[in-house]
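Descriptive structure summary
Take a look at the letters that make up each chain.
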Amino acid sequence: MAKPLDLDEQITSAAKLAVRARVHCGLWWSTASAAGRALFHEALDEHWNAWRFIEHAQFVAFMVTIHNLFGDRHGTIRFKKLSAELGDVAADQIAEAEPMASKVRQFRDQLFAHRSNKLTYAQVFERADITGNEMIQLADAAVKIATAMLDARGLPKQPADDSPIEDFAEVLATLQRHYEATEARAG
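Numbering of residues starts from 1 in each chain and follows the order in which that chain's sequence is written. Per-residue local features of the predicted model are confined to residues with pLDDT of at least 70, and side-chain atom pairs are confined, for both listing and counting, to 80 or more; whole-chain, interface and lining totals are unaffected and use all residues. The side-chain quantities take in all heavy atoms of the structure and omit both hydrogens and water.

Section: the side chain of Thr31
For clarity, the threshold we go by: Comment: elements are numbered from the N terminus, with helices defined as DSSP H or I runs of at least four residues and strands as E runs of at least two. Buried means the residue's accessible area, taken with a 1.4 Å probe over protein chains only, is under 20% of the maximum for its type, while exposed means over 50%, and partly exposed covers the values in between. Any two residues whose heavy atoms approach within 4.5 Å at even a single point are treated as in contact.
Of note, Thr31 is situated in helix α1 (residues 7-32). With a relative accessible area of 2%, Thr31 lands in the buried category. Each residue touching Thr31, except ones within four places of it in the same chain, is listed here: Arg37, Leu44, Glu55, Phe168 and Leu172.

Details of the pattern of salt bridges
Our working rule: Throughout this description, the term salt bridge denotes a Lys or Arg side-chain nitrogen within 4 Å of a carboxyl oxygen of Asp or Glu.
Applying the stated criterion to the full structure yields 9 salt bridges. When the shortest N-O distance is used, the salt bridge between Asp151 and Lys157 registers 2.5 Å. Asp151 sits in the partly exposed class, given a relative accessible area of 42%. Relative accessible area serves as the criterion here: at 51%, Lys157 is assigned to the exposed category. Each of Lys80, Glu98 and Arg105 takes part in one network of salt bridges that share partners.

Observations regarding the environment of Ala97
Structurally, Ala97 is set in helix α6 (residues 91-112). Its relative accessible area of 2% is what places Ala97 among the buried residues.

Quick notes on the environment of Ala18
Considering the arrangement of structural elements, one finds Ala18 in helix α1. When near neighbours in sequence (up to four residues on either side) are disregarded, Ala18 contacts Leu69, Ala142, Val143 and Ala146.

Description of unusual backbone geometry
At Ala90, a residue that is not glycine, the phi angle is positive and equals roughly 65 degrees. Its place among the elements puts Ala90 in the loop between α5 (79-85) and α6. In this structure, Asp129 takes a positive phi of about 50 degrees despite not being glycine. Here Asp129 shows up in the loop between α7 (121-128) and α8 (132-153). Assessed through its relative accessible area of 53%, Asp129 is described here as exposed.

Some thoughts on the packing of aromatic side chains
The test is simple: Only rings of Phe, Tyr and Trp enter the pairing, Trp through its six-membered ring, and a pair is recorded when the two centres are within 6.5 Å. The plane angle decides the type: under 30 degrees is stacked, over 60 is edge-to-face, the rest tilted.
In the structure shown here, the tally under the stated rule is 7 aromatic pairs. Seen in terms of ring centroids, Phe59 and Phe125 are 5.8 Å apart; in terms of plane orientation they differ by 15 degrees. Their pairing is stacked. Taken as a pair, Phe59 in helix α4 (residues 48-70) and Phe125 in helix α7 lie far apart in primary sequence, 66 residues in all. Taken together, the ring pairs connect Trp28, Trp29, Phe59, Phe107, Tyr121 and Phe125 into an aromatic cluster.

Digging into α1
Spelled out, the test is: In this scheme, a helix's expected span is set at 1.5 Å multiplied by one less than its residue total. Identification of polar contacts relies on pairs of N or O atoms within 3.5 Å, with a donor-acceptor requirement for protein atoms, meaning one able to donate a hydrogen and the other able to accept it, and with residues adjacent in sequence counted only if both atoms are side-chain atoms.
Taking 1.5 Å per residue, 26 residues should reach 38 Å; α1 reaches 37 Å between its end C-alpha atoms and fits that length. Of all the 26 residues making up α1, 19 are buried; the element is thus mostly covered by neighbouring parts of the structure. In this structure Asp6 caps α1, since a side-chain oxygen of it lies 3.0 Å from the backbone nitrogen of Asp8.

So this is what it looks like as structure tokens:
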């Protein structure tokens, strides 16, 4: 049987997962939020068949990645276990994030990692009762928790890089300008 990864490697992996979760959440929110939809509505509407799957993929990637960190499966890299091994580093932050993490768990357990045969997609969303802002808060909390753990071990920080989100917004803005210019020439 393989030995668990070294504690420092687990913490570094958790930090990388936290940053990835934050990026997936930000990419999803770029098109899923009311502000994103309003800002890029023509670009999104014109190619909705593509955007809806990109948006969904980012949503699922966020849910699965964030669940990894807040889950309770034995033999996995997860915040509660790492916190305990570090003398309860970030335990208060983990406890504070747990109500939002339990909402995410419903998506993971009933829609994405496993598909419930008792609940519709809409029913899972209704039961989870989580907002986009709460998902952003959970992603930010994961980065803070991971950073506290890295600091406790004197490990290099994993920068919370929002450049993929900014690049994606620029792609959408470019498409939006294209559609506005096309409409102006046609009108």
